[in-house]
Amino acid sequence: MGRKTGKPGQMAGALAASLVVTMLVTALLGIGWQFATGMQASVLLYIPIALAGIAVAWRVTAKRAPSMQSAPMEWHGLALGAIFLAYGLGVQALAVRETAEGALLVHGWYNADWFKHLGHVNALSSFGLPARDMFHQAEPLYYYWLSYVLPGAGTAIGNDAWAALNATNSLFTLLFGCVFYGVIRLSGARPALSLGIGLLALFISAPISFVQEMIFGIGLEGILALDQAPKGPAMLTMSQYIPQHMLVLTLLLGWILLDRDDARAPRSLVMVALAALASAMTISVLLGAMVLGVYGFLQLMRHRFAALPETAILAVLSIALVLAFQVIQIGNPASAIESPLLTNEVVTAPWFIRGINAVVIILSNVGVPTLVTIFMLLRWKPTEQPEVLAKQIVAVLLLVTILATFVTEAALTSRLALETRIRATNLPAIANAIAGAWLVLTLWQRDRRTQLMTVAVVALLVALALPSAIIRTWWHGRIGDNFTTTVPRDDRLLLAYMARETDRQAIVFQYPEPPILAPERGDDSWSAILGGRAVTGSLRATDYPLAAPRIAIAEEFFAGGNVAIPEEASLVYLSRALHSASYDALLEKMRLAKNWREAACYTDACLFERVRKE
């Protein structure tokens, strides 16, 4: 094992890759089973595959990787992951609360991204493999869904998607902390310095505009009162509600640690890491594409033309997996972004102007440290192999950030270009950590005056970035503002009944409440998210053209219109919170309707079940 990464980095990289490969094998078997039989495969298939993977990994590490077992364990990597995890769980405690009356209050963005993840986890638990769309009548899901296999299996066992997703997210966060620490160590920094730089890196790559606004502009209350979420540090949100982005970055950093020239990791583990990398776009399609770009450029820099066969094979496999997983719909690849939920104003400027503007936005979002990193690259002259690799990583991360930004502005829609910018900020944030560790180490080896200047510069960067981190964290806890979703007590009781007592594959006819990120903000489709049952249609549908007429039928019915309940629906969910104007009339109507019985009813929420004729 390499002398400058410590044990946690490579071990965590190998574990992350192994987890992803077992999920990949499970998903591919499910896809193959459906192709052969036309039936869905249970997500519990993951359990025997994972057990088999553990047995194989045990034999490999016992017989082929004695250096990985005997290497000293550096607790600093585990500590970085644990601190990052503690922050994420702390933010969730701020953003998700229960009132004394039993209502659930959920603040952004746990009522946006996290709600979506819960729906997809429920889909795998209820309908199996390949993934179905809980927000659209269990139709095929056109989305990157591989990372949901593990929490989906957990939900199938325990019937608690929130707990399963939290547990999975916690595991991914710990693994990311370890590999992030290991990559920082490549700069030559000692364990304590690597831990310190890692902690700073979680929030130091942040927009500094908050400082200006707080001193000279609208002030703290003005910032918090804006009708948009304050931008925070690039990396902080990964441990909260977007675990798939963190996982794909973990795979990249883990592969780097395992495939180093002096890593001494078994070739079998490197192959596992490459197989996991091949699935990157089925975990996070846009960030996954950037990660594969980083992999390709690094291999070409390290091995020149000898790397072409491997990189070409990985590229072909990646595309094949995207098609096999139906991440995009063949014949209508834009189906998932035609929803009003995902449309943005079209910018008419030429693509290269949009690209320049986008790069400027990214640089402003990752703050002053990125400018320092760019300047430092010109002066960094490493001699030892780990430091050479560290500089290559920094340069490639910045290069891919810029290239990805221009490519998406030129070739994709405004919405996808925006999503690319959001994800791309993580790459320079990682680059800043690696470069910062080297810079601090180098300056600290000089005279006392230089050391004091180094402390002063780091303190200044912290002072510039800290307001962004504090305000973003504070914003998550502003329960009661217009970014808050309230699920009343009666609805929670009914949704718990739905998850516990109804058929897992039941289709629910409920008011098509928009998500909070829709043009007209709403509270979302609670049946799919908290009740674990698919709805007939939602703005979250990944085949929106097909879902649109079904959404229109639901809107008319819940407005009191004379339309029939779709035959596919076996449950009707009425909620005063979602359609207060029509609730009482629809409740009376359903109680008089033939072939429907009252399954569970509370004052402000009621569930009816279709009575099928024998």
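Heads up: the structure comes first, above all this text.
Residues numbered from 1 in each chain as written. Predicted model: local features only at pLDDT ≥ 70, side-chain atom pairs only at ≥ 80, totals over all residues. Heavy atoms only, no water.

**Quick look at helix H15 (residues 351-366)**
To be explicit about the condition: Only DSSP runs of H or I covering at least 4 residues are called helices, and only runs of E covering at least 2 are called strands; the numbering of each starts at the N terminus. To estimate the expected span of a helix, count its residues, drop one, and scale the result by 1.5 Å. The rule is simple: take the accessible area with a 1.4 Å probe, protein chains only, and divide by the maximum for that residue type; under 20% is buried, over 50% is exposed, in between is partly exposed. Here the arc refers to the directions that run from the helix axis out to each C-beta atom. The contact definition used throughout considers only heavy atoms, calling two residues in contact when any of these lie within 4.5 Å.
The end-to-end C-alpha distance of H15 is 22 Å, a good match for the 22 Å that 16 residues give at a rise of 1.5 Å each. Those residues of H15 that sit buried are Arg 354, Gly 355, Ala 358, Val 359, Ile 362, Asn 365 and Val 366. Projected down its long axis, H15 shows its buried positions confined to an angular sector of 140 degrees, all on one face. Where H15 is buried, its residues contact helix H16 (368-377), helix H17 (385-411), helix H18 (414-424) and helix H19 (426-444). In the segment just after H15, Gly 367 is the residue with positive phi, at about 75 degrees.

**Let's talk about the environment of Ala 50**
Mapped onto the elements, Ala 50 comes out in helix H2 (residues 46-63). The class of Ala 50 is buried, set by a relative accessible area of 15%. The sequence separation of Ala 50 and Ile 353 amounts to 303 residues, and the corresponding C-alpha distance is 48 Å.

**Structural notes on the environment of Asn 111**
Under the convention used in this document: Counting of polar contacts relies on pairs of N or O atoms within 3.5 Å, with two restrictions inside protein: one atom must be capable of donating a hydrogen and the other of accepting it, and residues adjacent in sequence are counted only when both atoms are side-chain atoms.
Structurally, Asn 111 is set in the loop between strand E2 (104-107) and helix H5 (113-127). Note on Asn 111: relative accessible area 1%, which makes it buried. Along the primary structure Asn 111 and Ala 95 are separated by 16 residues, whereas in three dimensions their C-alpha atoms are 9.2 Å apart. Contacts of Asn 111, omitting those with residues within four sequence positions, involve Val 106, Phe 483, Thr 484, Thr 485, Ile 516, Asp 524 and Arg 540. From its side chain, Asn 111 meets the backbone nitrogen of Gly 108 in a polar contact 3.5 Å long.

**Concerning the packing of H5 against helix H6 (residues 149-158)**
Heads up, the rule is: To get an axis, a line is fitted to the C-alpha atoms, and for a helix only the part in contact is used. The angle between two axes follows their N-to-C directions and goes from 0 to 180 degrees. Roughly parallel refers to an angle under 35 degrees, roughly antiparallel to one over 145, roughly perpendicular to one between 65 and 115, and oblique to any angle outside these ranges. Should the near helix be turned anticlockwise from the far one by less than a right angle, the crossing is termed left-handed; should it be turned clockwise, right-handed. Residues are grouped as follows: Ala, Val, Leu, Ile, Met, Phe, Trp, Tyr, Cys and Pro are nonpolar; Asp, Glu, Lys and Arg are charged; all remaining types, including Gly, are polar.
For the pair H5 and H6, interaxial distance at closest approach is 8 Å and the crossing angle is 60 degrees. One element, H5, and the other, H6, form an angle in the oblique class. The hand of the H5/H6 crossing is right-handed. Residue-level contacts link Val 121, Asn 122, Leu 124 and Ser 125 of H5 to Val 149, Pro 151, Gly 152, Thr 155 and Ala 156 of H6. Classifying every residue of the contact of H5 with H6 by side-chain character gives 5 nonpolar, 4 polar and no charged.

**Some thoughts on the packing of aromatic side chains**
Quick reminder of the rule: Any two rings among Phe, Tyr and Trp, with Trp reduced to its six-membered ring, count as a pair given centres within 6.5 Å; such a pair is stacked if its planes are under 30 degrees apart, edge-to-face if over 60, and tilted if neither.
Evaluated as defined, the whole model comprises 16 aromatic pairs. Aromatic side chains Phe 84 and Phe 176 sit 6.1 Å apart centroid to centroid with 50 degrees between the ring planes, which places their arrangement in the tilted category. Here Phe 84, found in helix H4 (residues 75-95), pairs with Phe 176, found in helix H7 (residues 161-185); they are 92 residues apart in sequence, far enough to count as distant. Assigned by exposure class, Phe 84 and Phe 176 land together as buried.

**Considering unusual backbone geometry**
Cis geometry is adopted by the peptide bond preceding Trp 109, which originates at Gly 108 and carries an omega value of -5 degrees. As for its placement among the helices and strands, Trp 109 is situated in the loop between E2 and H5. In this structure, Pro 130 follows Leu 129 across a cis peptide bond, with omega equal to -5 degrees. Looking at the secondary structure, you find Pro 130 in the loop between H5 and strand E3 (132-133). Look at Asn 595: it is not a glycine, yet its phi comes out positive at around 65 degrees. Within the element layout of this structure, Asn 595 appears in the loop between helix H24 (583-592) and strand E9 (596-602). On the basis of relative accessible area, Asn 595 is assigned to the partly exposed category, the value being 40%.

**Notes on the pairing of strand E6 (residues 507-510)**
Which entries qualify depends on this criterion: Paired strands, in this sense, are two strands between which DSSP finds at least two bridges.
Alternating residues of E6 divide into Ile 507 and Phe 509 and Val 508 and Gln 510, and every residue in both groups is buried. One ladder, built from 2 bridges, connects E6 with strand E7 (residues 534-535); its direction is parallel. Paired with Ile 507 across the two strands is Ala 534, which belongs to E7. The sheet contact formed by E6 and strand E8 (residues 571-575) spans 3 bridges and is parallel. Bridge assignment links Gln 510 to a residue of E8, and that residue is Tyr 573.

**Describing the sheet that holds strand E1 (residues 96-98)**
Spatial strand order, E1-E2-E5: 3 strands in an open sheet with antiparallel pairing. Each end of this open sheet is capped by a strand with a single partner; those strands are E1 and strand E5 (484-487). Each strand of the sheet is rotated relative to its neighbour by a mean of 20 degrees, with strand direction disregarded. Examined bridge by bridge, E2 and E5 share 4 bridges and lie antiparallel to one another. Residue Leu 104 lies in a different strand from E5, and its bridge partner there is Val 487. Contacts between H4 and the sheet are confined to E1 and E2, with E1 contributing the most and set at about 45 degrees to the helix.

**With respect to empty space enclosed by the protein**
Put simply, the rule is: For each structure, a 1 Å grid was placed over the protein atoms alone; sets of points admitting a 1.4 Å probe that cannot get out are labelled cavities, open sets with protein on both sides within 12 Å along at least five of seven lines are labelled pockets, and lining residues have an atom within 4 Å of a point. Grid points are joined across faces, edges and corners, and a volume is the space filled by probe spheres set on the points.
Applying the stated criterion across every chain, the model contains 1 cavity of 30 Å³ or more. In this structure, the largest cavity occupies an estimated 50 Å³ of space. For the largest cavity, the full set of lining residues is Ser 147, Tyr 148, Pro 151, Leu 165, Thr 168, Asn 169, Phe 172, Pro 243 and Gln 244. When residues of the lining of the largest cavity are traced back to their parent elements, those giving at least two are H7 and helix H11 (243-258). Residue composition of the lining of the largest cavity, by class: 5 nonpolar, 4 polar and no charged.

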